[in-house]
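Secondary and tertiary structure notes
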Amino acid sequence: MSDVIQSQLIELVISILSTAITVVILPLVAKFLTAKINNEKINEAITDITNVVSRSVEFVEVRMVQQLKADGKWNSETQKEVLETAVETAMNDLSEVTIKNLKLTAPEIKDLLEKEIEKYILGKKDAKAAIADSSTVSLTGK
């Protein structure tokens, strides 16, 4: 009789555990794995965007900006043209995986790249200004 009770208790415990695993633990594991995969995809997209933006800015700076400045044609209109070229270059260089993971339309991606390019350029200007400021010697200590 005690063997029967013991085996029924074991069956009950197994049934409760399997229900708990199915209802609670598996959904939590699935949620964790989904979040981890999505974070990795987002991080990969951010890395790709960062690399593409820096390459496209450097490309147009070497190919267009320096020449426009040397020719005295650097103005607001040519700056817009250069920005458009940088955005187009970046759009062409983005990986298909990044485009798929962003889940954005082409105009949204273009807008995102334009903003990132502008931030990158401002960051470069700030860095140059900081270097210039740190290289000046102040005799007054101010």
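About the cut-offs
Residues numbered from 1 in each chain as written. Predicted model: local features only at pLDDT ≥ 70, side-chain atom pairs only at ≥ 80, totals over all residues. Heavy atoms only, no water. Salt bridge = Lys/Arg side-chain N within 4 Å of Asp/Glu carboxyl O. Helix = DSSP H or I, 4+ residues; strand = E, 2+ residues; numbered from the N terminus. Expected span 1.5 Å × (residues − 1). Buried < 20%, exposed > 50% of the residue type's maximum accessible area, 1.4 Å probe, protein only. Polar contact = N/O pair within 3.5 Å; in protein donor to acceptor, adjacent residues only side chain to side chain. Patch = residues over 30% accessible without salt bridge, like charges linked within 9 Å, V, L, I, M, F, W, Y side chains within 5 Å. Areas by Shrake-Rupley, 256 points an atom, 1.4 Å probe, with all protein chains shown as cover. Lys, Arg positive; Asp, Glu negative; His and termini not counted. Charge placed at Lys NZ, Arg CZ, Asp CG, Glu CD.

**Describing the pattern of salt bridges**
- Per the counting criterion, the structure on display carries 6 salt bridges.
- Salt-bridge contacts for K110 lead to E88; the nearest nitrogen and oxygen are separated by 3.0 Å. Taken together, the residues K110 in helix α4 (residues 106-135) and E88 in helix α2 (residues 76-93) connect sequence positions 22 residues apart.
- D111 is paired through a salt bridge with K115; the nearest N and O atoms lie 3.2 Å apart. Here D111 and its partner K115 are both found in helix α4, 4 residues apart, which amounts to about one turn of the helix.

**Remarks on α2**
- Taking 1.5 Å as the rise per residue, α2 with 18 residues should run 26 Å; its terminal C-alpha atoms sit 26 Å apart, in good agreement.
- Residues of α2 that are buried: T78, V82, L83, A86, V87, T89 and A90.
- The opening residue of α2, the one whose side-chain oxygen lies 3.0 Å from the backbone nitrogen of E77, is N75.

**Some thoughts on a negative patch on the surface**
- On the surface, E77, E81, E84, E114 and E118 cluster together to form a negatively charged patch.
- Secondary structure elements with two or more residues in the negative patch: α2 and α4.
- Looking at which element gives the most residues to the negative patch, the answer is α2, with 3 residues.
- With respect to the element layout, E114 can be found in helix α4.
- By relative accessible area, E114 is classed as partly exposed at 31%.

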